Amino acid sequence: MLSKRLIACLDVRDGNLAKSVRFVDTKDIGDPVAKAREYYDDGLDELVFYDITASSEKRRIILDVVEAVAEQVFIPLSVGGGVRSVADATDLRLAGAEKINVNTAAVERPMLIAECAEAIGSQNVVLSMDIRKVGVAPEFPSGYEIVVRGGRTPTGIDALAWTREGERLGAGELVVNSIDADGTRDGYELHLTRTISEAVRIPVIASGGAGVPDHLYDVLTDGKADAALVASMVHYGDYTVSGLKRHLDGRGVKMRMSW
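Here we summarise the structure given alongside this text.

### Quick look at the nonpolar core
- Counting 69 residues, the largest nonpolar core has Leu 47 and Leu 216 as its most contacted members.
- Considering every element that reaches this core, the biggest residue donor is helix α5 (residues 111-120), with six residues.
- If near-sequence neighbours (up to four positions away) are discounted, Leu 47 is found in contact with Ile 7, Ala 8, Leu 10, Ala 36, Val 69, Val 73, Ile 75, Pro 76, Leu 77 and Ser 78.
- Core analysis: the next-biggest nonpolar cluster, separate from the first, contains nine residues, Ile 7, Val 48, Tyr 50 and Val 126 among them.

Put into structure tokens, the structure is as follows:
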């Protein structure tokens with residue numbers, strides 16, 4: 001059995017670490033470089049960096065912040081926000097990112113996934129999906145819709161159909177971010193995560209809603225996720241990376257333990 005992964009997410013706006021609830025009421029809460037180093041020193045498995053306004057502002061990602069984070073951590077670094085081309089993906093790799101995340105631009109031009117997979121390898125291409133519950137309907141047989149531009153724009157695309165298309169085009173991993181659960185700390189959207197995990201063969205990262213350690217246990221077991229992404233619960237100091245991993249290990253979830 002493969003080990004489950006604990007991933008911390010750094011949402012960055014104008015060079016500052018930021019956090020929102022359901023993608024609104026965004027507040028600056030600290031220095032992303034310092035937090036990245038703190039989590040790395042505490043045993044984090046992987047780090048995700050999102051430039052959360054790059055897509056909506058139609059600009060490229062802030063490479064200097066990516067480089068500063070990459071200099072502080074020696075674990076996989078996945079970066080997204082404003083990736084629109086193979087050139088953008090290549091620049092991020094040169095700045096220190098191991099994986100690149102595509103989201104809005106991939107919805108607008110799905111072949112971006114295939115182009116990036118060919119250029120840097122499928123294992124380094126992550127399809128990040130912001131998803132909201134809309135109820136089962138003819139156009140949404142899964143009951144979930146893909147939204148883009150930081151959750152601001154509905155697409156009319158069924159989430160499960162987009163998941164399968166992303167895998168077909170060459171994505172090596174999926175981030176399933178529930179808009180409804182994001183920042184609430186009420187728990188992950190287990191039905192959504194499980195539905196997608198059962199539909200694909202590639203790893204699924206659950207995102208949105210973690211508030212207490214058992215939420216991670218639930219999504220890694222009942223939700224069938226391969227990794228759990230956390231933000232608020234570690235950013236505000238309520239929990240530590242090492243404490244979360246010890247909790248999961250103690251409950252029988254296979255984790256990468258470094259102590």
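### Topic: the pattern of salt bridges
- Counted by the stated rule, this structure contains 15 salt bridges.
- Where Lys 245 meets Asp 45, a salt bridge forms, and the shortest distance between an N and an O atom there is 2.8 Å. Residue Lys 245 is located in helix α10 (residues 241-250), and its partner Asp 45 is located in the loop between α1 (32-41) and β4 (46-51); the two are separated by 200 residues in the primary sequence.
- Residue classification places Lys 245 among the buried residues on the basis of a relative accessible area of 1%.
- The partner of Asp 238 in a salt bridge is Arg 185, and the shortest N-O contact between them spans 2.6 Å. Taken together, the positions of Asp 238 in the loop between α9 (232-235) and α10 and Arg 185 in the loop between β10 (173-178) and α7 (190-199) put the pair 53 residues apart, joining distant regions of the chain.
- For Asp 238, a relative accessible area of 44% corresponds to the partly exposed category.
- Classification of Arg 185 as partly exposed rests on a relative accessible area of 25%.

How each quantity is defined
- Once a new chain begins, its residue numbering starts again from 1 and follows that chain's sequence as written.
- Where local features are concerned, this predicted model is filtered to residues with pLDDT of at least 70; where side-chain atom pairs are given and counted, the filter is 80 or more; whole-chain, interface and lining totals use all residues.
- Processing note: side-chain calculations cover all non-hydrogen atoms of the structure and skip hydrogens and water entirely.
- We define a nonpolar core as any set of buried Ala, Val, Leu, Ile, Met, Phe, Trp, Tyr and Cys residues linked to one another through side-chain atoms lying within 4.5 Å.
- Accessible area is worked out with a 1.4 Å probe on protein chains only. A residue is then buried under 20% of its type maximum, exposed over 50%, and partly exposed in between.
- Put simply, DSSP H or I for four residues or longer makes a helix, DSSP E for two residues or longer makes a strand, and each gets a number counted from the N terminus.
- Only heavy atoms enter the contact rule, under which two residues are in contact if any of them lie within 4.5 Å.
- What makes a salt bridge here is a side-chain nitrogen of Lys or Arg within 4 Å of a carboxyl oxygen of Asp or Glu, nothing more.

In short, the description is geometric, and any link to function would need to be established separately.
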